[in-house]
Amino acid sequence: MRSRGGRDWNAASFGQKLAAFAGLAFLHIPVWVIVLYAFTTEDRTYQFPPPGLTLRWFAVAFAREDIWAALRLSLSVASVATAMAILLGTLAAFALAHSRFRGREAITLLFVLPIALPGIITGIALLSAFKLGGIQPGFWTIVTGHATFCIVIVHNNVIARLRRLPQSWVEASMDLGADGVQTFRYVILPQIATALLAGGMLAFALSFDEIIVTLFTAGHEQTLPIWFFNELFRPRERPITNVVAVSVVLITMVPILLAYRLTRPREFESK
Amino acid sequence: MRAIAKFLYGRRGFYLALLLLPPLLWLGTVYLGSLLALLMQSFYAIDEFTARIVPKLTLATYRQLVSHPANVDIILRTLGMAAAVTVMAAVVAFPIANYMARHASPRMKAVFYVGVMLPMWTSYLVKVYAWRLVLAKQGILFWFVDQLGLTPALDAALTTPVIGGPSLASSYLGMFIVFVYMWLPFMILPLTAALERVPQSLLQASADLGARPGQTFRNVVLPLALPGLAAGSVFTFSLTLGDYIIPSVVGAPGYFIGMMVYQQQGTVGNLPLAAAFSVVPIILIAIYLSLAKRLGAFDAL
Amino acid sequence: MTPAIELAGVSRLFGAVRALDEVSLAVAPGEFFALLGPSGSGKTTCLRLIAGFDRPTHGNVMLDGENVTNIPPFDRSVNTVFQDYALFPHMSVAENVAYGPKVRGVSETERQRLALEVLELVRLAALADRSPAQLSGGQKQRVALARSLINKPKVLLLDEPLGALDLRLREEMQIELKAIQQQVGITFVYVTHDQGEALSMADRVAVFREGRMEQLDSPRALYERPRTAFVARFVGSANVVEGELARSITGAPRAFAIRAEAIEVLATGAPVPDGALCCEGVLEDLHYHGATSRWHVRTDAGPAIAAVRSEGLPTAATARGSRVRLAWSRESIVLLTDT
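What counts, and at which threshold
Residues numbered from 1 in each chain as written. Chains lettered and ligands numbered in written order. Predicted model: local features only at pLDDT ≥ 70, side-chain atom pairs only at ≥ 80, totals over all residues. Heavy atoms only, no water. Helix = DSSP H or I, 4+ residues; strand = E, 2+ residues; numbered from the N terminus. Polar contact = N/O pair within 3.5 Å; in protein donor to acceptor, adjacent residues only side chain to side chain. Contact = heavy atoms within 4.5 Å. Pairing = 2+ DSSP bridges. Axes fitted to C-alpha atoms, helices over the stretch in contact; angles between N-to-C directions. Core = buried A, V, L, I, M, F, W, Y, C linked by side-chain atoms within 4.5 Å. Buried < 20%, exposed > 50% of the residue type's maximum accessible area, 1.4 Å probe, protein only. Buried area = accessible area lost by both parts, 1.4 Å probe. Salt bridge = Lys/Arg side-chain N within 4 Å of Asp/Glu carboxyl O. Nonpolar A, V, L, I, M, F, W, Y, C, P; charged D, E, K, R; others polar. Phe/Tyr/Trp six-rings, centres within 6.5 Å; stacked < 30°, edge-to-face > 60°. Lys NZ or Arg CZ within 6 Å of the ring centre and 35° of its normal. Domains from an automatic or database assignment. Parallel < 35°, antiparallel > 145°, perpendicular 65-115°, else oblique. Left-handed = near helix turned anticlockwise from the far one by under 90°.

## Here's the deal with the side chain of asparagine 239 of chain C
All names here are of chain C.
Next, step 1: Along the chain, asparagine 239 falls in strand 11 (residues 239–241).
Next, step 2: A distance of 2.7 Å separates the side chain of asparagine 239 from the backbone oxygen of alanine 306, its partner in a polar contact.
Next, step 3: Those residues in contact with asparagine 239 that sit more than four places away from it in its chain are Phe256, Ala257, Ile258, Arg259, Ala260, Ile263, Ile305 and Ala306.

Written as structure tokens, this is what we have:
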């Protein structure tokens, strides 16, 4: 389809290509820097290039109970928040996918608002409410914040898939004798399962990594990001921070890549 | 089950309400309720002697917000940074989005897509931390600049008033680089989506009618990419306005709105002032959104 | 005999739009019944009300004497062949066909047997294990048909089932559908905007226009005795003559229809048989169609009239712009009730 005419601005010039690849490299360099620094033998400064490489810091980090505790808390918060987001986000997607009614726009806006506004607003707003209501911060206040902005992630994934499902499939199923539950189980669920899973994984990754809202809603609990945030101002344990950074990158990469694979358009969808 | 399905038949409104009730209840009470609580807190004030919040509606906190020149400075500084970051993100994102949308082979496109998505979803804190490593005094960027023999140029940049500082890691220039880096994917993705929707035939038609490449770009591509640009800028603008981690990690001395919110509610314990401060980005974003809406940003979201 | 389907004063309003306006009709068991009309005429709305995908704003839908207005689609003995086939992409052909028995709780082996039996009927048993994505349009069409027939419904609804097929395949499928209908003896309700399809296949045709039923008749009666100007034009492509032109020809202002092939084209001033009706005008256009040619004549009174002739004419008259005389017998006109 690409035109090769010399007059076509569209033929990628070398400069355009270079800018694109340079931009991509710019996005990736810091991630690789982190990987490199996890192995450095230098433990006080950010010296580059590293004077030597070692695996020692991994062993030190893995022996730290406070890191494991933070990781456990982060995983359980993300699990509960994701479960809630899947339930509420899917319900909303089903209600909004094919219906038109007065106030629909306002409802959609309400779902998007928690990620459209900066996280700090959600954080300080929840904190204000907890203070007014006399609620002590803890596990559930963290989950409340996370679930609120995760709903839209699941909702967006599921509604995009539902909108691509022809209405006639549901009608055909009902027409052939299936009631609502059977239609959901045999026709809709197989079609949206991957979108549901992908939405769930993105929500999980988002929750696992969240810091901006969490700093407002957490009490004395330390999620992994909070632990990490505190380390940033306590430079004595820099090598351990490096190791945790690499581990976090690797852990979050798994659900993201899976979510990508699951939502890639496949043949049968392109009717 | 059949009985329920039968009951719901023809009661579509009831069925929709049943589905919508739980999520609406959650967001309506938890989220909207919290926003209301935030608004309410901003109309409270702190008693200067007891340092306790007085639960009486007053405009005193807002008066404090706008009457202190330092506070106005903070707002202007944040706004300036958000605007600069948005412009720069658009400039850097455009070649990438353009290459992804029009030139890349399907394979290359997938590579770029994952290549943009992975850093975007990589832990926010880890990325901030990584930039601290990169920008540090003995860090990787200084090493590279030194290898290239460009140290005088960097020193010149760092001695420039306003953007400079003792090192990149403690200058507005460094903070600016980190902000652009962090929100760049949020600009690339909507921009790519918008550019993908520009039909090839339009470009051919334009060339056919005698437009030179630059003219086609200005008169056809740019107007059609504008919604994507607007959508991306909503993200970069809004995210910069609200961030408080980056300015405190890669820091220059001046305060930003987000830092004020965090500090006022935390160490200072002045929740009303924090709430009032956080109303500022909401207003700024509302203004920005209404502008972006006119450019059709929401068709590209 | 109880009608297979009966619509009693059925209306469907979408806001202020009357998609269906006070429609009453009855379909006899075993009948091949067509709903014909241009898009937006209400024929598909009518079908969706019978299937139960939608509910009437007023009026009742009866199936086999039973009022099903408030019965959901899965409890109606009606099945639908969709315009886009609506085959489930994650199921094989056989699984698609066996879906009805499956949700009704029929055992695995029994429903496999049933599925093969129906696939046999549409001559697709060999493709049972394929996925729908691997089928051609015509094959998808047959799978959709088999999937609906397996439930042995009292009524089969077909929504423009041949709309997506090319001309040759469409003609083949018309014959096959008719044959299958006679073989299984199920009432067919067939929605189409193609009057040729409706006339050639259906026992009776209901013509829809803007939500109302204009005429319900046999194909022959519709063609030969249209009651309204719309039916005359839409079904028979007939000339509708009204107003001043009608008065100048018949002496009365009442509108009438005259089919193009009943009109003779003569040279001006040529003698006309006794009792024939005639008018004169200018030949505007002439379309050659092989076996016939179509003449467009602008009458002196204003409106144009089309004539279809199989034989030639004195060459002098075939030039565009030349004057001609049109004539037809008094018996060949159909007086219309309204215009």
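## Some points on the sheet that holds strand 5 (residues 66–67) of chain C
Residues and elements named next belong to chain C.
Next, step 1: The sheet built from 4 strands is open, its strands ordered 2-1-4-5 with antiparallel pairing. Of all strands in the sheet, those bounded by a partner on one side alone are strand 2 (17–27) and strand 5.
Next, step 2: Sheet strands in contact with helix 1 (residues 43–51) are strand 1 (5–14), strand 2 and strand 4 (58–63), and its direction is about 115° off that of strand 1.

## Quick look at the nonpolar core
Note on soluble globular proteins: their nonpolar side chains tend to be buried together.
Next, step 1: One finds Tyr124 and Ile245 of chain B to be the most contacted residues of the largest nonpolar core, which totals 203 residues.
Next, step 2: Apart from residues no more than four positions distant in its own chain, tyrosine 124 of chain B is found in contact with Asp209, Ile211 and Ile212 of chain A together with Met182, Trp183, Asp243, Ile245 and Ile246 of chain B.
Next, step 3: One finds Leu124, Leu127, Ala198 and Val207 of chain C within the second-largest nonpolar core, a separate group that totals 44 residues.

## Let's talk about the interface of chain B and chain A
Next, step 1: Each side of the interface is counted separately: chain B has 89 residues, and chain A has 92 residues.
Next, step 2: Each partner contributes to the roughly 8400 Å² buried at the junction of chain B and chain A, and carbon and sulfur atoms together form 78% of this total.
Next, step 3: When the buried area of chain B at its contact with chain A is split by residue, Tyr31, Trp121 and Tyr129 of chain B rank highest and sum to 10% of it.
Next, step 4: Linking chain B with chain A are 0 salt bridges.
Next, step 5: The interface formed by chain B and chain A includes 9 residue pairs in polar contact (both at pLDDT 80 or more).
Next, step 6: If you tally residues by element for the side of chain B that touches chain A, the top one is helix 2 (residues 12–42) of chain B, at 19 residues.
Next, step 7: Each residue belonging to the side of chain B that touches chain A can be placed in one class, and the counts come to 62 nonpolar, 21 polar and 6 charged.

## A short note on the environment of leucine 55 of chain A
Next, step 1: Tracing the backbone through its elements, the reader meets leucine 55 of chain A in the loop between helix 1 (14–37) and helix 2 (56–62).
Next, step 2: Each C-alpha atom, one on leucine 55 of chain A and one on glutamate 42 of chain A, is 12 Å from the other, the two residues being 13 residues apart in sequence.

## A short note on the packing of aromatic side chains
Next, step 1: Overall, the coordinates contain 33 aromatic pairs over all chains when judged by the stated rule.
Next, step 2: Between phenylalanine 62 of chain A and tryptophan 68 of chain A, the ring centres sit 6.2 Å apart and the planes meet at 35°, which makes this aromatic pair tilted.
Next, step 3: Given a relative accessible area of 47%, phenylalanine 62 of chain A falls into the partly exposed group.
Next, step 4: Aromatic pair phenylalanine 179 of chain B and tryptophan 183 of chain B: ring centres 6.4 Å apart, planes at 35°, arrangement tilted. With phenylalanine 179 of chain B and tryptophan 183 of chain B both in helix 9 (residues 172–196) and 4 residues apart, the pair spans about one turn of that helix. For the pair phenylalanine 179 of chain B and tryptophan 183 of chain B, a shared accessibility class is recorded, and that class is buried.
Next, step 5: Put simply, the rings of Tyr124, Phe179, Trp183, Phe186 and Phe235 of chain B touch in pairs and so form one group of aromatic residues.
Next, step 6: Its end group placed over the ring of tryptophan 57 of chain A, arginine 56 of chain A keeps NZ or CZ at 3.9 Å from the ring centre.
Next, step 7: We note lysine 102 of chain C situated over the ring of tyrosine 186 of chain A; from NZ or CZ to the ring centre the distance is 4.2 Å.

## What to know about the interface of chain C and chain A
Many authors give the size of an interface as the accessible area that is lost as the parts come together.
Next, step 1: With 24 residues of chain C in contact, the opposing surface of chain A contributes 21 residues.
Next, step 2: Between chain C and chain A the total buried area reaches about 1900 Å² when both faces are included, carbon and sulfur atoms providing 62% of it.
Next, step 3: Where chain C packs against chain A, one counts 1 salt bridge.
Next, step 4: For arginine 48 of chain C, the salt bridge is made with glutamate 171 of chain A, and the minimal N-O distance between the two is 2.7 Å.
Next, step 5: One can count 11 residue pairs in polar contact (both at pLDDT 80 or more) joining chain C with chain A.
Next, step 6: Put simply, the parts of the chain that give the side of chain C that touches chain A at least two residues each are helix 1, strand 6 (78–81), helix 3 (99–103) and helix 5 (137–149) of chain C.
Next, step 7: The biggest single contributor to the side of chain C that touches chain A is helix 3 of chain C, with 4 residues.
Next, step 8: Taken together, the residues that form the side of chain C that touches chain A break down as 13 nonpolar, 6 polar and 5 charged.

## Quick notes on the domain arrangement of chain B
Next, step 1: What the domain assignment reports for chain B is domain 1 (1–31) and domain 2 (69–299).
Next, step 2: With centres defined by C-alpha atoms, the gap from domain 1 of chain B to domain 2 of chain B works out at 41 Å.

## Let's talk about the packing of helix 6 (residues 139–164) of chain A against helix 2 of chain B
Next, step 1: Interaxial distance between helix 6 of chain A and helix 2 of chain B falls to 11 Å at its minimum, and their mutual angle equals 125°. The orientation of helix 6 of chain A relative to helix 2 of chain B falls into the category oblique. As for the relative orientation of helix 6 of chain A and helix 2 of chain B, their crossing is left-handed in sense. Note on element contacts: helix 2 of chain B touches helix 6 of chain A through Trp26, Leu27, Val30 and Tyr31 of chain B, opposite Thr144, Ala147, Thr148 and Ile151 of chain A.
Next, step 2: The residue inventory of the contact of helix 6 of chain A with helix 2 of chain B, partitioned by class, reads 6 nonpolar, 2 polar and no charged.

## Overview of the side chain of glutamate 231 of chain A
Next, step 1: Along the polypeptide, glutamate 231 of chain A turns up in helix 10 (residues 224–232).
Next, step 2: Those residues in contact with glutamate 231 of chain A that lie beyond four places of it in its chain are Glu237 and Thr241 of chain A.

## Topic: the pattern of salt bridges
Next, step 1: Tallied over the entire structure, the rule returns 24 salt bridges over all chains.
Next, step 2: Ionic pairing is found between lysine 109 of chain B and glutamate 196 of chain B, a salt bridge with its closest N-O pair at 2.6 Å. Of this pair, lysine 109 of chain B sits in helix 5 (residues 106–121) while glutamate 196 of chain B sits in helix 9, and the two are 87 residues apart along the sequence.
Next, step 3: The exposure class assigned to lysine 109 of chain B is partly exposed, which follows from its relative accessible area of 26%.
Next, step 4: Assessed through its relative accessible area of 41%, glutamate 196 of chain B is described here as partly exposed.
Next, step 5: Here glutamate 214 of chain C ties to arginine 209 of chain C by a salt bridge, and the two come within 3.8 Å at their closest N and O atoms.
Next, step 6: For glutamate 214 of chain C, a relative accessible area of 13% gives the class buried.

## A look at the sheet that holds strand 18 (residues 334–335) of chain C
All names here are of chain C.
Next, step 1: Strand order in the open sheet formed by 3 strands is 11-12-18, with antiparallel pairing between adjacent strands. This sheet does not close on itself; its edge strands, each paired only once, are strand 11 and strand 18.
Next, step 2: Judged from the 2 bridges that link them, strand 12 (residues 256–258) and strand 18 form a sheet pairing that is antiparallel. Within strand 18, the position partnered with alanine 257 by the bridge is valine 334.

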